[in-house]
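# A closer look at the structure
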2 protein chains.
Amino acid sequence: MKRRTVLSSLGVLVGASTLSACAPLSNELQFNAAPALSLRGTGDLAVAIARADGKVAIIDTSQEKIIAEVPGLGDLSHASIVFSRDARFAFVFGRDGGLTRIDILEQKITHRVIQGGNSIGGAISQDGSLVAVSNYKPGGVKVFSSADLTQVADIPCGSKTVGLVDAPGQRFVFSLWDKNEIWIADFSKSPFEITRFEDIGRNPYDALITPNGRYYMAGLFGEDGMAQLDLWHLEKGVKRVLPNYGRGEEKLPVYKMPHLEGWAIASGRAFIPAVGRHEVLILDTRTWQEVGRIPVLGQPVFVMARPDGRQIWVNFAHPDNSHIQVFDSETLEPLEHLQPGLGVLHMEFSPRGESVWVSVRDKHQINQYDTESFQLKTQLSLPSPSGIFMTARAHMIGL
Amino acid sequence: MKRRTVLSSLGVLVGASTLSACAPLSNELQFNAAPALSLRGTGDLAVAIARADGKVAIIDTSQEKIIAEVPGLGDLSHASIVFSRDARFAFVFGRDGGLTRIDILEQKITHRVIQGGNSIGGAISQDGSLVAVSNYKPGGVKVFSSADLTQVADIPCGSKTVGLVDAPGQRFVFSLWDKNEIWIADFSKSPFEITRFEDIGRNPYDALITPNGRYYMAGLFGEDGMAQLDLWHLEKGVKRVLPNYGRGEEKLPVYKMPHLEGWAIASGRAFIPAVGRHEVLILDTRTWQEVGRIPVLGQPVFVMARPDGRQIWVNFAHPDNSHIQVFDSETLEPLEHLQPGLGVLHMEFSPRGESVWVSVRDKHQINQYDTESFQLKTQLSLPSPSGIFMTARAHMIGL
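Residues numbered from 1 in each chain as written. Chains lettered and ligands numbered in written order. Predicted model: local features only at pLDDT ≥ 70, side-chain atom pairs only at ≥ 80, totals over all residues. Heavy atoms only, no water.

### Section: the overall build of chain A
Helix and strand content of chain A: zero helices and 34 strands. Put simply, 44% of the contacts in chain A that link residues at least 6 apart link residues at least 24 apart. When the accessible surface of chain A is split by element, carbon and sulfur atoms take 49% of a total near 14,000 Å². (Helix = DSSP H or I, 4+ residues; strand = E, 2+ residues; numbered from the N terminus. Contact = heavy atoms within 4.5 Å. Areas by Shrake-Rupley, 256 points an atom, 1.4 Å probe, with all protein chains shown as cover.)

### Overview of the interface of chain B and chain A
Of the residues lining the interface, 47 residues belong to chain B; the matching set on chain A comes to 47 residues. Together, B:L39, B:W232 and B:R352 form the three largest contributors to the area buried by chain B at its contact with chain A, with a combined 23%. Summed over the shared surface of chain B and chain A, the number is eight salt bridges. We note a salt bridge from B:E330 to A:R214, for which the minimum N-O separation is 3.1 Å. Linking chain B with chain A are 31 residue pairs in polar contact (both at pLDDT 80 or more). When the residues that make up the side of chain B that touches chain A are grouped by side-chain class, the tally is 13 nonpolar, 18 polar and 16 charged. (Buried area = accessible area lost by both parts, 1.4 Å probe. Salt bridge = Lys/Arg side-chain N within 4 Å of Asp/Glu carboxyl O. Polar contact = N/O pair within 3.5 Å; in protein donor to acceptor, adjacent residues only side chain to side chain. Nonpolar A, V, L, I, M, F, W, Y, C, P; charged D, E, K, R; others polar.)

### Some remarks on the pattern of salt bridges
Here the structure, examined in full by the defined rule, presents 50 salt bridges over all chains. One salt bridge connects A:R361 with A:D362, and the closest N-O pair in it is separated by 2.7 Å. With a shortest N-O distance of 2.9 Å, B:R240 and B:E223 are connected by a salt bridge. Of this pair, B:R240 sits in strand β21 (residues 238-241) while B:E223 sits in the loop between β19 (215-220) and β20 (226-230); the two residues are 17 residues apart in sequence, bridging distant segments of the chain. The exposure class of B:E223 is buried, given its relative accessible area of 19%. Where salt bridges share partners, they join A:R214, A:D230, B:R310, B:D328 and B:E330 into one cluster. (Buried < 20%, exposed > 50% of the residue type's maximum accessible area, 1.4 Å probe, protein only.)

### Remarks on the relation of the copies chain B and chain A
Each copy of the sequence occupies a distinct position, and chain B is placed on chain A by a rotation of 180° and an axial shift of 0.0 Å, giving an RMSD of 0.0 Å. The relationship between the two copies is best expressed as a two-fold rotation axis. Both copies contact each other with a shared surface, as 100% of the interface residues of chain B are interface residues in chain A too. (Least-squares fit on C-alpha atoms with pLDDT ≥ 70 in both.)

### Quick word on unusual backbone geometry
A:P191 follows A:S190 through a cis peptide bond whose omega is 0°. Note on placement: A:P191 falls in the loop between β16 (181-186) and β17 (193-197). At B:N203, a residue that is not glycine, the phi angle is positive and equals roughly 55°. Relative to the helices and strands, B:N203 resides in the loop between β17 (193-197) and β18 (204-209). Among the residues examined, B:N203 registers a relative accessible area of 23% and is labelled partly exposed.

### A word on the pairing of β16(A)
Residue and element names in this part refer to chain A. Along β16, six of the six residues are buried, which leaves the element largely enclosed by surrounding structure. Every second residue of β16 is oriented toward a common face, with E181, W183 and A185 on one face and I182, I184 and D186 on the other, all of them buried. Relative to β16, strand β15 (residues 171-176) is paired through six bridges, and the arrangement is antiparallel. Looking at the pairing, F174 lines up with W183 of β16. Linkage of β15 to β16, two consecutive antiparallel strands, is achieved through a turn of four residues, within which N180 is found at a positive phi near 60°. Here β16 runs beside β17; their pairing, made up of five bridges, is antiparallel. Looking at β17, one finds that A185 is bridged to I194. Here β16 folds back onto β17 in antiparallel fashion, the turn holding six residues. (Pairing = 2+ DSSP bridges.)

### Side note on the layout of surface pockets
By volume, the second largest pocket amounts to about 880 Å³. Lining the second largest pocket are 48 residues, with A:D44, A:T61, A:S62, A:Q63 and B:R85 positioned closest to its centre. For the lining of the second largest pocket, the secondary-structure elements that each account for two or more residues are β5 (65-70) and β32 (365-370) of chain A together with β7 (89-93) of chain B. Considered class by class, the residues forming the lining of the second largest pocket number 13 nonpolar, 20 polar and 15 charged. (1 Å grid on protein atoms, 1.4 Å probe; cavity = no way out; pocket = protein on both sides within 12 Å on 5 of 7 lines; lining within 4 Å. Points joined across faces, edges and corners; volume = space filled by probe spheres on them.)

### Section: the pairing of strand β8 (residues 98-103) of chain A
Residue and element names in this part refer to chain A. Most of β8 is tucked away: six of the six residues are buried. Side-chain alternation along β8 places G98, T100 and I102 on one buried face and L99, R101 and D103 on a second face that is also buried. Counting the residues between successive antiparallel strands, the hairpin from strand β7 (residues 89-93) to β8 contains four residues, one of them, G97, with a positive phi of roughly 90°. Here β8 pairs with strand β9 (residues 108-114) via six bridges, running antiparallel. Its bridge partner lying in β9, L99 is registered against V113. The turn joining β8 and β9, which pair antiparallel and follow one another in sequence, is formed by four residues; a positive phi near 60° is taken by Q107.

This is the structure we're talking about:
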């Protein structure tokens, strides 16, 4: 595994006056009539995606209700969201390459660009000034000003890019599906600098960064194991860890690849969804060795720790996607088995952990549960909900 | 160390119509004329205390300027702040027993009560509905509605109370200076329940809770060692840990007791200010055994980890309170030595760690530094600044 540092000649800097081929759309048609708006804090809001309708819902998690819907967001079939540092603006990454900036307070789109042909996710820089998007088509990463979606940089790399995250030091880290590489784009430098790591393993398909922003880990579709980069020690290069992590020799059927960003880290252990197996793997985060497994009822998709690390919540791929299992993170004993309905796609904890919000696609519902009693507290109606994103993510590394 | 569970007969429930002897003050005189206000997010704001003037400053950390001052807060010589879950309201705990609710957006006091004679700090419940205050005089803890400061509960305990924190499960935990006890008040129950732990060690003077809300640890003024309560396992009672932590047999002169809430936890290690010694102690958070020490230039007061855990920042008691030392959390090597001026009282990191805001009392300045380059980025004028509190604390356990 080789490492090479290349100054930003690899990237193409684009000035504010030199927009990409995909210019901002005219937004006028997409703005909503402004409702009566009043001052309010933005710390207790969430934005949920209604994937079938190309819209998002803004949820007041204190009032426990949907306070607005914002349409006009295009194909949201695999969409995700990051937030500005003031927790006022949401950046929505659509599957169709659309990048949309929503004003949560004014409940409308402020800017929207079709920045690529097929987008898979994005990130916001540590200081909040830059939003990056990774693309399947045409590949590469594009970087925009968070103020107005002016394109700031284009980083072509001849590959689909996946697993794009922000890291401390105004960096973005991402993986190259077609080229088996991990790249770091360092925007603390001007012009920005790219550091490449080659031969990291076949077909990285997704990645995560640990909550402290230190370890970047990419899952490999083409072989077992994970590619791990210690961002505190780039000189050590990319290591292979978890040699048994993957589909294995038999190439297990996988109904839905696990979401790596959902990994749970609690009390020095990481809980990760096995690929194709009905198991959650447990790792020691000091050694990154496997130290145990939890049998679960299906192929896990998201494995999430409650913010205090006391519980591990798991949802599943088809045909088990009507279930949620909850485990004690210490004893590994099952605590609860919920069956909200078909299409449990996402679980988002309130930042201090007293509640969890769950999207139930086929019932067109978002359910809020008390995480101590497991009682249903709230049920909201939203067509085909998928991702739910709390504004508190604005303050977290890698989210 | 005995444990005793007592139902809330120990506490006195006070209905909304039965306010404490200290009724709300008339606030009219303290309200400011409302400036022209517009919609804005509240995620990037901070509130800083100007201790000599009984006022606070509201800082826009994106614009890097003070946008408002709110006077009329009484004696702020040892004041602290917590935030509502929507990050709109700040609750200021004054030394004189004043509890004040400030609307950060409207930049004014909404409610103020003198709830005790001499107050030492407070906390906000997990769900944001309750604000608790610990008192030297008359002792005990009082609990208020965060919506309007209506008193909800009075918990007399015949002792000064210290080290009050919130914990998961709608609990408050605090220590009894005069009675050598730790109490848990569980407000998930109605009426609330008190759990007492007796004989925990002589004269607990302050306490902390680990960032995941699991371990409550009280420093002891009357003897060495710390009292540790595992909130996941109350049945195990209070343990004594760190037998060498304290002033020691020789009773070292201590110019200012370290602030325990400033403990830094990074990569499985805790960095804590030694009492009376020019050292930072390093503990393994799995075993709570000491694993090393860092020599520093004075008696440490706050020992803070940058949010990514990569750096440890230390300030000092008189006569060394013009200094800040920064260490690499991994190698323990010194990275930087700053000398902002006399009276470095507090350091607050931006939530994703790119900046730190430092109050310099005797220069009447608040300095913002870049945490990578250590360059001064911003200097704001504020008379005798002390604590600086970012609204992102709204989303954190124990803050």
